[in-house]
Amino acid sequence: MRIIAGNLGKRNFDAPKGHRTHPMSEKARGGLFSALGDISGLTVLDAFAGSGALCFEAISRGAKNAVAIDIDKNAVDTIKRNSKSLGTSDKLKVTRANASGWSDNNGNTVFDLVFIAPPYDDLQPSLVIKLAKHLKDSGIFVLDWPGNEPVLDVEGLEVVKQKNYGDAQLVFYKKIR
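Residues numbered from 1 in each chain as written. Predicted model: local features only at pLDDT ≥ 70, side-chain atom pairs only at ≥ 80, totals over all residues. Heavy atoms only, no water.

A. How the structure looks around the sheet that holds strand β6 (residues 157-165). Spatially, 7 strands are ordered β3-β2-β1-β4-β5-β7-β6 in an open sheet, and the strand pairing comes out mixed. Unpaired on one side and paired on the other, β3 (92-96) and β6 mark the two borders of the sheet. Averaged over all adjacent pairs, the angle separating strand axes in this sheet is 15 degrees, with direction ignored. Of the strands in this sheet, β4 (111-116), β5 (135-146), β6 and β7 (168-175) are in contact with helix α1 (residues 26-36), which crosses β6 at around 140 degrees. The sheet contacts of helix α2 (residues 53-60) involve β1 (43-46), β2 (65-70), β3 and β4, and relative to β2 the element is tilted by about 175 degrees. (Pairing = 2+ DSSP bridges. Helix = DSSP H or I, 4+ residues; strand = E, 2+ residues; numbered from the N terminus. Axes fitted to C-alpha atoms, helices over the stretch in contact; angles between N-to-C directions. Contact = heavy atoms within 4.5 Å.)

B. Inspection of the packing of α1 against α2 at higher detail. Two numbers describe how α1 lies on α2: the axes approach to 11 Å, and their chain directions differ by 45 degrees. Taken together, the axes of α1 and α2 lie oblique to each other. Once α1 is placed against α2, the crossing between them reads as right-handed. In contact with Arg29, Leu32 and Phe33 of α1, α2 contributes Ala53, Leu54, Glu57 and Ala58. (Parallel < 35°, antiparallel > 145°, perpendicular 65-115°, else oblique. Left-handed = near helix turned anticlockwise from the far one by under 90°.)

C. Structural context of the pairing of β7. Within β7, 6 of the 8 residues are buried, leaving the element largely enclosed by the surrounding structure. In this sheet, β7 lies alongside β5 in antiparallel orientation, the contact comprising 6 bridges. In the strand pairing of β7, Val142 is matched with Phe172. Where β6 meets β7, 8 bridges bridge the pair, whose relative direction is antiparallel. Residue pairing for β7: Asn164 is matched across the bridge by Gln169. In this structure, the hairpin formed by β6 and β7 is closed by a connection of 2 residues, where Gly166 is found at a positive phi of approximately 70 degrees. (Buried < 20%, exposed > 50% of the residue type's maximum accessible area, 1.4 Å probe, protein only.)

Structural measurements only, silent on function.
Written out as structure tokens, the structure is:
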């Protein structure tokens with residue numbers, strides 16, 4: 001895998017071995033960050049981090065810092081190794097945890113950008129909705145969701161944009177004011 005743009009653009013990093021993660025395609029990642037625009041100085045949560053690709057891309061494009069959460073030991077070890085080789089350890093906190101448990105223990109922690117990409121074979125809609133509480137009032141919540149599934153209704157959030165990439169769709173939400 002590689003970082004698309006920013007100060008780490010074109011740098012390669014590893015994806016976890018096996019089939020427990022579904023790394024976002026480079027095309028979808030490019031579309032995601034193109035839609036977001038300038039993210040300089042923003043804080044990022046990736047609650048199903050997998051390869052860490054979204055955190056690395058965000059940091060490369062100027063995000064202030066990022067938190068990567070994944071329950072899979074192999075994924076967490078891979079993200080930590082990649083972070084060290086990319087020189088992002090000062091901006092990336094990697095945590096091995098169940099996203100629900102992390103949320104319970106960090107109830108007041110909020111971010112400018114919240115990326116949610118649950119495993120397609122276990123979408124956990126109630127957990128996706130729970131994680132919305134970690135979005136700042138002016139933030140953007142991005143859900144990576146199977147292309148054949150209806151868009152998830154997340155209480156307190158409204159869909160502002162949707163991008164389809166075949167078997168995946170990216171749904172962008174903002175808080176309802």
